[in-house]
Each structure stands twice: as structure tokens, then as C-alpha cells.
Amino acid sequence: MGSDLNRLTITEARDRLRRREITSRELTRDCLERIAAVEPRLNAFITVCEDEAMAQAEEADRRLGQGDAPNLCGIPLGIKDIYCTRGVRTTCASRILGNFTPPFDATVIEKLRAEGAVFVGKANLDEFAMGSSTENSAFGPTRNPYDLERVAGGSSGGSAAAVAADECLAALGTDTGGSIRLPASFCGVVGIKPTYSRVSRYGVIAYASTLDQVGPFARTVRDAAMVLRAAAGADPRDSTCSARPVPDYERALTGEVRGMRIGVPTEYFVEGMDATVERTVRDALKKLEAMGARTVEISLPHTGYAVAAYYLIATAEASANLARYDGVRYGMRASADNNIELYNRTRAQGFGAEVKRRIMLGTFALSAGYYDAYYLKGQKVRTLIRRDFERAFESCDVVAAPVTPTTAFRLGEKTDDPLQMYLSDIFTISVNLAGLPGMSVPCGADGRGMPIGLQLIGPPFAEEAILRAGDAWERSSGFARPAPQL
Amino acid sequence: MTNDKYEAVIGLEVHAHMLTRSKLFCGCATDFGAPPNHNVCPVCMAMPGVLPVLNRHVVELAIRTGLATHSKIELHSVFARKSYFYPDLPKGYQISQYDEPLCRGGYIELPPRQSGEPRRIRLVRIHLEEDAGKNIHTDSASLVDLNRSGVPLMEIVSEPDLRTPEEAVDYLRELRGILVCVGASDGKMEEGSLRCDVNVSVRQRGATELGARTEIKNLNSFRFVEKAIVYEVNRQIEEIAAGRRIAQETHLWDPEREVTRPMRSKEFANDYRYFPEPDLPPLIVPPDLVEKIKAEMPELPAQQRENYAKDFGLTTYEVGVLLGREELGEYFMNIVVQSVNAKTAANWVMTEVLRAVNESGKPLGEAVPKPQETGALLRMVEESRISLNAAKSAFAAMCRSGKGAEATVADLGLAQVSDEASIAEACDRVLAAEGAKVAEYRAGRDKLFGFFVGAVMKAMGGKGNPKVVNEVLRRKLAG
């Protein structure tokens, strides 16, 4: 092999493809070879789409030959196995959808297909995106490319690990409470969770409808910005999707942060967080200051209620969203003599423990007599959290914070303690509740070489601001992500 | 039935299939009678990841209905998820409107019965929701047809303002008339376009508090609505009279045995876990859309009745009967266009035509002659060619034979004699035979005039034109 085209950034690959120095077939083949080499140890993919990918690459090469091909034409991507892909099995890492092949594409998939992107495989995740470590997968956990004994983070762990391990150039994930930013941070790649409604959710299997948002993983901010631009935009099939025009995010990447006001929330540097994580993030902020940005102390006083509110709202919505998996029309069906038995057995056998736990939590939160005390109160807290941010953004342009309190933990370390697992998301969940754009950018590593992410948060639809800050940091900090030793 | 001691309190929840080409949240067709699972797509089959998109036309039809029923159109309303498991409910929840419906309040005015005032039945709300699919049970399996899944429904909920089964049926007819008139529904109950749940309770007359109610489901014809209410009211009165309490429960109408029976608790869920549908933003209706729809509203049934009454000089009761059944009104109009007096035509339709329909048990089109023939018959009455009684005999014969008016009158020899010479001859015969009475009359017993008329008519076999008979007799007796 030796060409290692799979290690290129999208920007590099795009330029070389356009200059016809390489073909998408060569690029895709390098990715597929890398996948074949590392997957036995990594388990980043549930399904590898070798034949489909090569066919897409061939088509992309034809388009590239005609000139005027879009940015992502011929670029190999990983797709979290939560996106419906026409003709390709879509499992959501659940036994209940183990045999499900959708007859349609998610809108985002359709858009990327139209761009000429190549889909190398369906990436692993926590079942129905419920988890923070990708250990809740019916297809086994994804391992961290920097330490195979550690988790990749979740729920989009497969997508993050695949990008980190150079199995593809970028990947799609989804983020409901941190599911893009957390694994991006754990695996040392860039991950963006856009503003709620920025990207269509049609065909993306729903976990919590008011929180779920689609976003990219990539090895550079610029690459992530390119994928985001291709994915974002109005969709007549998603009534919650914004009609706002999509800016050319690449043009926001000026490398300039002079005069930018960066808010640093007191509540995001807490007792008990890993000292190295705190120091690394604070060092990154100092460097941004040295580059001309100004940091301001801010307060997000309702941060402490975010996890509780999230687990009421997300589970309530999930309890209804997952009711359709009943064994009647598609997916797994347990043998049974009557309706009730069919539901009970199919769902008992088809769902994993964490999914069942959240369905039960959510069903309880919506039950007669409890709605006001739980779901409604959760929504009120959500309003308070949104106002915290509105107030904060009066005195700053972006907010900077750690992504998680620790670096990637060991496999199995938190699986017996759901609450500890839930607390991995304390710094990411508020952003989903407030519907804001957030991003994780690699900013260092701990003593074991495990990556640490810097979280940048913007006001609604201020993706350009966080992208500019992240890109400026990436270019000027001198920090380079080490290649994982696999 | 209800008596001096008890009265019934009835409220109706009507589900109307809306007259749209596509479903509520996807583009699938709504045709009735397509092969099973033909009109389906990922959205109405609840494939993973799909999202609903609201059909704009449905909202406009609901606003039309709201305006036609004097309801308040809520400019901000919200869809909610109503959760329960059933094989014909693919998402495991129904998208409906819950605490923030599209229309609130309003009323429907019913035409008066026989005498009395029009009655106003108040509405609680009108909201939009999607229909479920259909389960089909065979000996070996249960099958699911999702053609109906996602078909738009409007639920129209009345206050418990109805007091009798007949009134409930009047309300349903009026509501159906409105829905058909504004184009919101085809109103075909037999195809399931209108389905009705009835809430019934009974209380002592004069009481203001409501008794415990039962809800009767599965009523898909006017007749069943009436029968189910009659049955349920009687049952409740018997229970109360026997000192038992009425359980607040859901009953199912059994059309075979014509009874209601309580549903097993498993047949309906009791905690629907409603919460706002997160996949649909609140429904915001721009005020100018309401104004635009208002300006395009057709003439509503109540207005039609008023105009009818004015144009034809009929009472509101008469108009109510004529327009209460579409085919009756049409029949009436087809008679009137033949320049038959409207009052005569109305009376004829309401008595002779309705009687023929009721006695034969056949639909109007088969039970009575074509309106052209009935019109011809009534013209003969107006032109004094036959008597009213003769027309009644002729009409009955026409209903049986299917023959035309002219032919029937000729066959039965019912034509009236107006020829003065023949009448004078008959008069002469009678006066000659009744010399004594003639003398009494001329001596001042005026009352005997009627006796002479009757005798002349008898002598002429009932065919003498009464007007001419009168004139000739008076002249001769004076002579």
C-alpha cells in the first residue's frame, strides 16, 4: 500500500482529486484497506459498504473528470448507523433493527450523495444514541484508537474513532446531549453540533426530537465546516428545520480572533474534574488571548440542573419515539400468540438495558399526575438555561469550556453506574437544551496521551464564530494531533 | 324512554374524515377502497427517522368548519402525541391536538321541530388528528392495512346540550350538512367518513348536576346513534330506579344484538401520556388567512333555510324537513321549477312523498314517480282538471305502476267535469227529484245548499268541478 491517501484532509484530497493527481477509487481503496486492517481491534463500523463505496467512487471519478465537481465529490465518509441509507442495513446498534434495510435515504444522506460523497460504512454507536461510551451497542463497543482499553466516547463513538484512525476522511454523527462533542474530545478530532434546526433530521432515527442534531466529525475545523455546509439547510420534509440560508463556512475561517470576546463560565470548572483537563483548557484560552482574543468571566447559574432536566425531557421524548419498534412492520419480531405478547417479547429481546431504562424513565415522566412535576418542570428549567446563555452572550461572542471533566475512561469502568456515566455529559448537555451550536476542537492530551478537547459554544446560528475561533486556534496554537499507534 | 321523572343528557364527539387528496402528514392518497397497504409511504408506516409535515389544505378546511360553526379560530394551536400500543397505530402514538385545539366554542343551530324555536347546540372544540390503520382478523392471523393510517380527521366535540335521541340525530344531520357544504367532508357515514362517539347520562328532571356518563363508541349510522342512545338511556334509568350507580365507563355498540356492552379495560388505554409533538412546531394561523377563508365561505345550511323560507313563503319547520334530507330538497325544487305553487309542492312532498317513501321502505328515487310527473299531476290540480283527492289516488297509483300523470288520470277516469251544460243537466235532475227540499230552501233554509252540492257531486260520480257546481246551483235555486 504505502500511499496512505486515507490520511489526507478533505481539503487536500479535494484539491488533488480536482487536479486529477489521485482518483476517488484510489482514495476509497486506501480507506477500505485501512478499515480492513484496524477494524478487528477498533470496531468503529457495524457495516462496511465496500461494493457500494467503490461504485460511488467510480461515479465520483466520472464527475471529477467532467470538472466542476462539488467539494465532497469522491470524499470517503463514515456514517453513524443512525442515518437511514437506502438499500444499506441501518441498525442504530440495536438488535431490534438488526435486519432493517430502509427503502429511503435520510435528507442529509441524499444531499451528500448529490455532492458525490462516498460512504465507506455505517459507524458504531450506543444503541439508539443512548450512552456516552459506545459500550451500549448490540454490536460490541468501539475502542479508542489512542488506547484500545479505553472507550471512544459516545454515542457517536464509531464515527469519532473512524476519523481518528484514518478509516475515512470525515464522518457524520448526531448529538443529543454531547454525542458528537464527547467522542470528538475523547478521540482527538473536531466535532460540531450545529444549532438545533440547522440540519434536517429527516431519516435520522430519533432519540429525543427537540435535542437531536446532526453534525460532522473531521480532522480539521475546515474539513468539518465543509461537511456541515453540505449537510445543512432547509428541508420540506422536516418542519422543525430552519429556512435560513447556509453561509459558506469556509469563508469565516480568517484565522483572526483579535477582539473576539470569549466567555469562560465559572460553572464549567468544577471540583472533581481532572486537573490536566482543566489546565490544558486554561492554557488553550491563554493562547487565544495571546492571539488577540479577550476572555471574560461569565456565569451560567442553572448549569447544575441541566443533567436532571435533560434526563426528563430526552427520556420522555424517547419513550414515544421508540414506541414504533413493536415487531409489527419491520425489524425484529419475537414469536408470540397475541398482540401484548408480541410487544412484550419483541421489546424485551430487542432493546438493550440502557434503552429500556430510558424508556421506563420517560414513560414515568409523562404519566398522568407526573407530567407537571417532571416533563413540564424539565421544560421550564430548559427555558432558564436558554436565558442563562442569552444573558452570557450579551458580554461575549463565544463561550469556551472543557468538553468533559475527564479524558477517555477505561472500558467497563462506568457501565455498572449509569449516574456516573450520565455525568460525563455535564458540560455538553446545556448546549442541547438551549439549542446552541457547539464544537470540540483538540487542544492537547493528558499524561497517557489521551486527547483533550476545547469546547466552543456560540449563540443560535453563530456557527461561523465558533468555527473561526476553532480554526484560528488550530492554525496558530502549534498543537498537532499525534497519529494513533494502532 | 325518558319520562316525567328523568331526562337524558347527551353530548357527541364526531370524527369526520376530511375531503383531501393527501394524508395529514405525508403525500399519500386518501382514496377509499385501494388495495391493502397501497397508499403508504415511510412516513405513514412510521419507518425509523421519518417526520410529519402538516397538510395545509386540511388546516383550511378545519378553519372553514370552525367559521361555519361560529367557533373561535385559535391562531396558535399545538399538536400532541397520544401514546398507546395497537397494531394499527404504527408510531405507537397518534398525533392529535390536546389542550390547544384549532377551534374552540361555537355552536350549531338546529331547525325547529314541528313548532318551537331553533335550538342551539354549543360546541366545546374542533381539532385535527390522524386516523389509524385497520386490523383485519382471519382464522390464522391478524393483518394490518395502513391505507387509512394518517388520513386526516376532524374531531368535533359538542357540549352535553342534547336531550333526546331524535335531537342527537338532528344535530348529526345538521353537522353533516355543514361539513358537506363547506367541503370539509363527503359526509358518507356508510364509508366511515363520519364516526360518532356518544356520551350519555341521565338525571332527574330539574337537576342541574350531571350524572355519571357512559361513552358509546363505534356508531357509524344515524340509526345506530338513535338506537344506541335509546338503549343506553333506558338502561341507565332502570339502573338508577333500581338504586344502582352508573359506572363511568366506555361501551361498545353491538349492531347485531342492538345493545351496548362495556369494553374490557384492555380494549382501551387509560393513560395516553400526552405531550406536545416535538416534530411539529406550533400551528400558527395568520389572521389574514382566516379573513380570506371567511370571504370565500359558501351559503351555509341555516342561511339556505332562511332564504328558502323567504323565497317560497314556507315556514322554517317546512324548510327544515325539506332540506333535512338532500334528496327531498332536490325533489321539491324539481317540482317547483314546473311553476307549481311552492306551498302546494312543499305540502305534497312532506305528506304524500314522505308517506310513500316511509311505507315502501325504498329510497326516494325508487319509491315515488319522477318529480316531473309529480309536478304534472299538481299542475292538473292547479288547473282544476282534477280534484285534490283525485290527485292523491292518482299519486298512489303512479307509485305502484310507474306510469305518468296524464296516463294515470285518464286510466282511472279522474278528470274533472267543468262543462257547464253537463253540470246544469245534473243539477236539473237533482232539483226535480228533491222538490220538497227546494221549497224549504226557497222558504229560507239556506243551510240546505250544502246538501244540494253533495247530491250533484254524487250524481256526477265526484268529478264535477266544485266551483262550477256551486255557481250553477246557486243560479238555478235562485231562479
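The structure displayed is predicted, hence computed values, not measured ones. (Residues numbered from 1 in each chain as written. Chains lettered and ligands numbered in written order. Predicted model: local features only at pLDDT ≥ 70, side-chain atom pairs only at ≥ 80, totals over all residues.)

K.L.:
How should I be thinking about the interface of chain A and chain B in this particular structure?
P.N.:
Taken together, the 35 residues of chain A in the interface contact 26 residues of chain B. Elements with a contribution of two residues or more to the side of chain A that touches chain B: helix H9 (306-321), helix H10 (339-350) and helix H11 (353-366) of chain A. Of all the elements, H9(A) adds the most residues to the side of chain A that touches chain B, at three residues. Class assignment of the residues belonging to the side of chain A that touches chain B gives a composition of 20 nonpolar, eight polar and seven charged. (Contact = placed C-beta atoms within 7 Å. Helix = DSSP H or I, 4+ residues; strand = E, 2+ residues; numbered from the N terminus. Nonpolar A, V, L, I, M, F, W, Y, C, P; charged D, E, K, R; others polar.)

K.L.:
Even after reading the chapter, I still don't get the sheet that holds strand S16 (residues 275-276) of chain B, so can you show me in this structure?
P.N.:
Two strands in a sheet stick together by hydrogen bonds in their backbones, pointing the same way (parallel) or opposite ways (antiparallel). Residues and elements named next belong to chain B. Taken in spatial order, the three strands make up an open sheet running S5-S4-S16, and their pairing is antiparallel. At either margin of the open sheet sits one strand with a lone partner, and together these are strand S5 (93-97) and S16. Across two bridges, strand S4 (residues 79-83) lies against S16 in antiparallel orientation. Looking at S16, one finds that Ala80 is bridged to Pro276. (Pairing = 2+ DSSP bridges.)

K.L.:
Explanation requested: helix H1 (residues 10-18) of chain A in the structure shown.
P.N.:
Think of an α-helix as turning once every 3.6 residues; residues three or four places apart then point the same way. Residues and elements named next belong to chain A. Buried residues of H1: Ile10, Ala13, Arg14 and Leu17, and no others. Along the long axis of H1, the arc covered by the buried residues comes to 100 degrees, so they all point the same way. Those residues of H1 that are buried lie in contact with helix H2 (24-42), helix H3 (50-66), strand S6 (170-175), strand S8 (213-218) and helix H7 (221-231). With its phi angle positive at about 65 degrees, Arg20 sits one or two positions after the end of H1. (Buried ≥ 20, exposed ≤ 12 C-beta atoms within 10 Å, placed from the backbone. Arc of directions from axis to C-beta.)

K.L.:
It is not clear to me how the environment of B:Pro101 should be interpreted in this structure. Could you clarify?
P.N.:
Residue and element names in this part refer to chain B. In this structure, Pro101 sits in the loop between S5 and strand S6 (103-104). The sequence separation of Pro101 and Ala228 amounts to 127 residues, and the corresponding C-alpha distance is 29 Å. Pro101 has contacts with Glu74, Ser77, Arg125, Ile126 and His127, leaving out every residue within four places of it along the chain.

K.L.:
Please explain unusual backbone geometry as it appears in this structure.
P.N.:
Peptide bonds are trans in most cases, and residues, glycine excluded, mostly fall at negative phi. Residues and elements named next belong to chain A. Omega for the bond connecting Gly154 with Ser155 falls within 30 degrees of zero, at 10 degrees, which places this linkage in the cis form. Along the chain, Ser155 falls in the loop between strand S5 (147-151) and helix H5 (157-164). A positive phi is found at Phe461, a non-glycine position, where the angle reads about 65 degrees. Its place among the elements puts Phe461 in the loop between strand S13 (451-457) and helix H15 (463-476). Taking the C-beta count within 10 Å as the criterion, Phe461 has 18 such neighbours and is therefore assigned partly exposed.

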